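# Architecture at a glance
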Number of protein chains: 2
Amino acid sequence: MSVKTIEWIEGKIKIIDQTKLPGELKYIYCKDVRDLREAISSLRIRGAPALGIAGALGVILEMQKSSARNYPDFKREMEKVSNYLGSSRPTAVNLFWSLKRMSECAERNRDKSIEEIKEVLKKEALQIMEEDKWCNRQIGKEGASLIEDKDSILTHCNAGALATADYGTALGIIYKAKEEGKRIKVYVDETRPLLQGARLTSWELLQEGIDVTLICDNMAGELMQKGVIDKVLVGADRVAANGDVANKIGTYTLAVLAKENKIPFYVACPLSTVDLSISNGREIPIEERSPKEITEGLGKRIAPSGVKVYNPAFDITPARYITGIITERGICRPPYEKSLKNLKK
Amino acid sequence: MSVKTIEWIEGKIKIIDQTKLPGELKYIYCKDVRDLREAISSLRIRGAPALGIAGALGVILEMQKSSARNYPDFKREMEKVSNYLGSSRPTAVNLFWSLKRMSECAERNRDKSIEEIKEVLKKEALQIMEEDKWCNRQIGKEGASLIEDKDSILTHCNAGALATADYGTALGIIYKAKEEGKRIKVYVDETRPLLQGARLTSWELLQEGIDVTLICDNMAGELMQKGVIDKVLVGADRVAANGDVANKIGTYTLAVLAKENKIPFYVACPLSTVDLSISNGREIPIEERSPKEITEGLGKRIAPSGVKVYNPAFDITPARYITGIITERGICRPPYEKSLKNLKK
């Protein structure tokens, strides 16, 4: 996988500006948390696992420069940075998870010198990135066991290399299955309004030589009805303790269509996406984004001025629609209250 | 309703160029069948009932100029015109219905002089247009009886004034319900790839002062799941004898979502859209359109070059998902084999 979505390079965060894809593969450097927060808010970097990494790197990006002389001052600064980054996007839990992990790491090392704390924090952030790579590979292995030769797989949005530090979650499974010699055909929803499927997923699948066909979101049902789709495979932004899944808007619709057409529906994500502190999907905060993403996001205005717009970025897929949740420690099956808790231990 | 989608003006067909909406309300004149066929193929005019009218007017547009001296020659010319127009778009049956009706009208009058035949054909075409207006009003009345005060109605694509000669089928019901003093909230899918919902439906609803909210196609499920939608109301391009409905791609998905969320799902169309010669939806020809509508249709290229694309313009909603089919002669209920046949008699 040649795509490097996020890297730590000499005190800067290097990311692909995903808003420029597929027209241009442009890298940008975030030199402070303001740059990074802007990049997150405007989806230059997106995808739950990548946001987790971005959060951790964002903390060290800023805290390396801290001139605090004592731990309480350092901690206060760090909390400010955390809150600032955490206020960028509310739904994907990985961002909060990694910020919390960084905070706990500092706390564990509070008796060290500030310079030493900076050093362990840097190690922790890079460790989070390394773990994500490992998770991708493990999820790939676990998930590929479910894929059969000649499967046609439907996916939505982007849960691939561009959403992680390695080859992705849902798409990682496809890459792994291909490595194993399985011939896979992928259908990808364009994923309105921001077209992550059209712009990102089809781009990275083509890079890797995967047979990919682009459709509009409203065409997935027709394909399922015709018996073309063998499996649906998506990522997740947050999984509640009961197995309800928040993921890109449109995921719930695919799950209902899959159920109606008796097609297995799988979610792939690292356990850092599972939020046991939230009992069910109704408690997951759903980000609403600007109407302009729908009315003007594609280069020209496509709706009359004055029209009201509703633009939720995610929806909740109730656990009962989900055949399995594929994690780095194995595949969870219903009842998810038990299976998720067991793996998170 | 101030919108005049199609008119017969001094030997020309005047239409709104719907590809220019909502930015510009531009009228164009089709002076021959080539102009008209191009306008149909590129969706400057669209919507099953409007296509029926366009077909009939297209026949007189050309046959008024015929220099045939006898009926066989006249009939041959007319068949050529019919076939040419009929080859523009395969799914909406109204086009074939009106062309057949024109042909039968000529046949009934074959013993008249060519000039007289031209005259009766012109009357027939204008009659088809008048009947569509009447159908709209009747469908409006029938359908409005189903609508309650404060209903939130989801619609897809455009089944309004821009798809007919009057105020529409599905949207006609909404206009009529509003006339009756009912407060209606409409949610409209943008309807990818050509955005008839965003460009046309939201435009005409705003013109008529209807409370309308635009969403992406993949957001309808989320609204239904949250209990926001009271009814789904769509048009149709062809209805088979068993009640299966061909309509704009995405309609099947809405029907499945409506069933899952126990929301009534209604189809509104004139009986000219019902094709008793076709027993079920699998026999309805589905138009596939250019990949460019998806990859380049919005002003800028949104997918990598080389990606495969699947672009069906319609899908089939099986009759079992449909609560009722609202026609000018009443509301059909299941079993549709019987109820449709009864009304078509």
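All values reported here derive from a predicted model rather than from experimental measurement.

## Some thoughts on the overall build of chain A
On a plain count of helices and strands, chain A comes out with eleven helices and 15 strands. A compact globule built from 345 residues would reach a C-alpha radius of gyration of about 20 Å, and chain A, at 20 Å, matches this within 12%. Dimensions of chain A along its principal axes, counting C-alpha atoms only, are 65 × 50 × 40 Å. For chain A, the residues scored as buried account for 65% of the 345 residues in total.

## Quick word on the relation of the copies chain A and chain B
Of the transformation placing chain A onto chain B, the axial shift is 0.0 Å and the rotation is 180°, giving an RMSD of 0.0 Å. Interpreted geometrically, this transformation is the action of a two-fold axis. Of the interface residues in chain A, 98% have counterparts in chain B that sit at the interface too, so the contact is made through matching surfaces.

## Quick look at the pairing of strand β6 (residues 211-215) of chain B
Within β6(B), four of the five residues are buried, leaving the element largely enclosed by the surrounding structure. As defined by bridge partners, strand β12 (residues 308-309) of chain A adjoins β6(B) across two bridges and the pair is classed as parallel. When the sheet's bridge partners are listed, V309(A) is paired in β6(B) with L214(B). As judged from the five bridges shared by strand β5 (residues 185-189) of chain B and β6(B), these two strands associate in the parallel manner. Bridging from a neighbouring strand, D189(B) pairs with I215(B) of β6(B). Of the crossover connections in this fold, the one passing from β5(B) over helix α7 (residues 196-207) of chain B to the parallel β6(B) is right-handed.

## Focus on the packing of aromatic side chains
With the rule as written, the count across this model stands at four aromatic pairs over all chains. With centroids separated by 6.0 Å and ring planes inclined at 85°, the aromatic side chains of Y252(A) and Y321(A) adopt a geometry described as edge-to-face. Linking Y252(A) in helix α9 (residues 251-260) with Y321(A) in the loop between β13 (314-317) and β14 (324-327), this pair joins segments that are 69 residues apart in sequence. By the burial criterion, Y252(A) is buried, and Y321(A) matches it. The cationic tip of K248(A) hangs over the ring face of F314(A); the distance from NZ or CZ to the ring centre is 4.5 Å. Over the ring of Y167(B) we find R137(B); its NZ or CZ atom is 3.8 Å from the centre of that ring.

## Some points on the interface of chain A and chain B
Interface size, as often reported, equals the accessible area lost upon joining of the parts. Each partner contributes residues to the interface: chain A has 58 residues there, and chain B has 57 residues. Summed over both sides, the interface between chain A and chain B buries roughly 4,500 Å², with carbon and sulfur atoms accounting for 62% of that surface. Looking at the side of chain A that touches chain B, the elements that each hand over two or more residues are α7 (196-207), β6 (211-215), α8 (220-225), α9, α10 (292-295), β12 and β13 of chain A. Looking at the side of chain A that touches chain B, the element that brings in the most residues is α9(A), giving six residues.

## Let's talk about the nonpolar core
Ranked by size, the top nonpolar core spans 136 residues in total, and within it V232(A), I325(A), V232(B) and I325(B) carry the most contacts. Residues within four places of I325(B) in sequence aside, it is in contact with V239(B), G243(B), V245(B), V267(B), C269(B), G330(B), I331(B), C332(B), Y336(B) and L340(B). A39(B), M102(B), I114(B) and A165(B) belong to the second largest nonpolar core, which has 42 residues in total.

## Side note on the sheet that holds strand β3 (residues 27-30) of chain A
Residues and elements named next belong to chain A. Spatially, the three strands line up as an open sheet ordered β1-β2-β3, and their pairing is antiparallel. At either end of the open sheet lies a strand with only one pairing partner, and these are β1 (6-9) and β3. When strand polarity is set aside, the average angle formed by the axes of neighbouring strands in this sheet is 30°. Across four bridges, strand β2 (residues 12-16) lies against β3 in antiparallel orientation. Each residue of the ladder has a partner; that of K14, found in β3, is Y29.

## Regarding the sheet that holds strand β15 (residues 330-332) of chain A
In spatial order, the strands read β15(A)-β14(A)-β10(A)-β7(A)-β4(A)-β5(A)-β6(A)-β12(B); together these eight strands make up an open sheet with mixed pairing. A strand with exactly one partner marks an edge of an open sheet, and here the two such strands are β15 of chain A together with β12 (308-309) of chain B. Across the face of the sheet, helix α5 (residues 114-144) of chain A comes into contact with β10 (265-268), β14 and β15 of chain A while running at roughly 140° to β14(A). Here α9(A) sits on the sheet in contact with β4 (152-155), β5 (185-189), β7 (231-234) and β10 of chain A, set at roughly 145° to β10(A).

## Things to note about helix α3 (residues 71-86) of chain B
All names here are of chain B. With 16 residues, α3 should cover 22 Å at 1.5 Å per step; its first-to-last C-alpha distance of 22 Å lies within 8% of that length. Restricting attention to buried positions, one finds in α3 the residues Y71, F74, K75, M78, V81, S82, L85 and G86. Take α3 and look down its axis: the buried residues cluster within an arc of 125°, on one side only. Turned more than 90 degrees from where α3 packs its buried face, R76, K80 and N83 sit exposed. Where α3 is buried, its residues meet α1 (33-41), α2 (48-63), α4 (93-108) and α5 (114-144). Among the residues of α3, the N-terminal cap falls to N70, whose side-chain oxygen and the backbone nitrogen of D73 are separated by 2.9 Å.

## Quick notes on the pairing of strand β13 (residues 314-317) of chain B
All names here are of chain B. Side chains F314 and I316 of β13 all project onto a buried face; the interleaved residues D315 and T317 project onto the opposite face, where all are buried too. As defined by bridge partners, strand β9 (residues 245-248) adjoins β13 across four bridges and the pair is classed as antiparallel. Across the sheet, residue N247 finds its bridge partner in β13, namely D315.

## Some details on the side chain of H156(A)
Tracing the chain through its elements places H156(A) in the loop between β4 and α6 (170-179). Overall, H156(A) belongs to the buried group, its relative accessible area being 1%. Separated by 2.8 Å, the side chains of H156(A) and D189(A) make a polar contact. Not counting the four nearest positions on each side in its chain, H156(A) is found in contact with D189(A), T191(A), D217(A), L233(A), V234(A), K248(A), I249(A), G250(A), T251(A), L254(A) and N218(B).

## A few points about the state of the cysteines
Applying the stated criterion across every chain, the model contains zero disulfides over all chains. Counting only cysteine sulfurs, C216(B) is the nearest neighbor of C216(A), a cysteine outside any disulfide, at a range of 11 Å. According to the relative accessible area criterion, C216(B) is buried, its value standing at 0%.

## Some words on the packing of helix α2 (residues 48-63) of chain A against helix α3 (residues 71-86) of chain A
All names here are of chain A. Two elements in contact, α2 and α3, have axes separated by 10 Å at closest approach and are oriented at 135°. When the interaxial angle is binned, α2 and α3 end up oblique. Seen along the crossing, α2 lies across α3 with a hand that is right-handed. Counting all contacts with α2, which are made through G55, G58, V59, E62 and M63, the residues of α3 involved are F74, E77, M78, V81, S82 and L85. Residues of the contact of α2 with α3, tallied by class, amount to six nonpolar, three polar and two charged.

## Considering the packing of α3(B) against α5(B)
To describe two helices that pack against each other, one gives the angle between their axes and the distance between the axes. Residues and elements named next belong to chain B. Following both chains from N to C, one finds α3 and α5 inclined at 35°, their axes separated by 10 Å at the closest point. Read as a crossing pair, α3 and α5 show a hand that is right-handed. Here Y71, F74 and M78 of α3 lie close against α5, whose contacting residues are I114, I117, K118 and L121. The class makeup of the residues in the contact of α3 with α5 is six nonpolar, no polar and one charged.

The rules behind the values
- Residues numbered from 1 in each chain as written.
- Chains lettered and ligands numbered in written order.
- Predicted model: local features only at pLDDT ≥ 70, side-chain atom pairs only at ≥ 80, totals over all residues.
- Heavy atoms only, no water.
- Helix = DSSP H or I, 4+ residues; strand = E, 2+ residues; numbered from the N terminus.
- Rg over C-alpha atoms; globule rule 2.2 N^0.38 Å.
- Buried < 20%, exposed > 50% of the residue type's maximum accessible area, 1.4 Å probe, protein only.
- Least-squares fit on C-alpha atoms with pLDDT ≥ 70 in both.
- Contact = heavy atoms within 4.5 Å.
- Pairing = 2+ DSSP bridges.
- Right-handed = clockwise from strand over helix to strand, strands pointing away.
- Phe/Tyr/Trp six-rings, centres within 6.5 Å; stacked < 30°, edge-to-face > 60°.
- Lys NZ or Arg CZ within 6 Å of the ring centre and 35° of its normal.
- Buried area = accessible area lost by both parts, 1.4 Å probe.
- Core = buried A, V, L, I, M, F, W, Y, C linked by side-chain atoms within 4.5 Å.
- Axes fitted to C-alpha atoms, helices over the stretch in contact; angles between N-to-C directions.
- Expected span 1.5 Å × (residues − 1).
- Arc of directions from axis to C-beta.
- Polar contact = N/O pair within 3.5 Å; in protein donor to acceptor, adjacent residues only side chain to side chain.
- Disulfide = S-S within 2.5 Å.
- Parallel < 35°, antiparallel > 145°, perpendicular 65-115°, else oblique.
- Left-handed = near helix turned anticlockwise from the far one by under 90°.
- Nonpolar A, V, L, I, M, F, W, Y, C, P; charged D, E, K, R; others polar.

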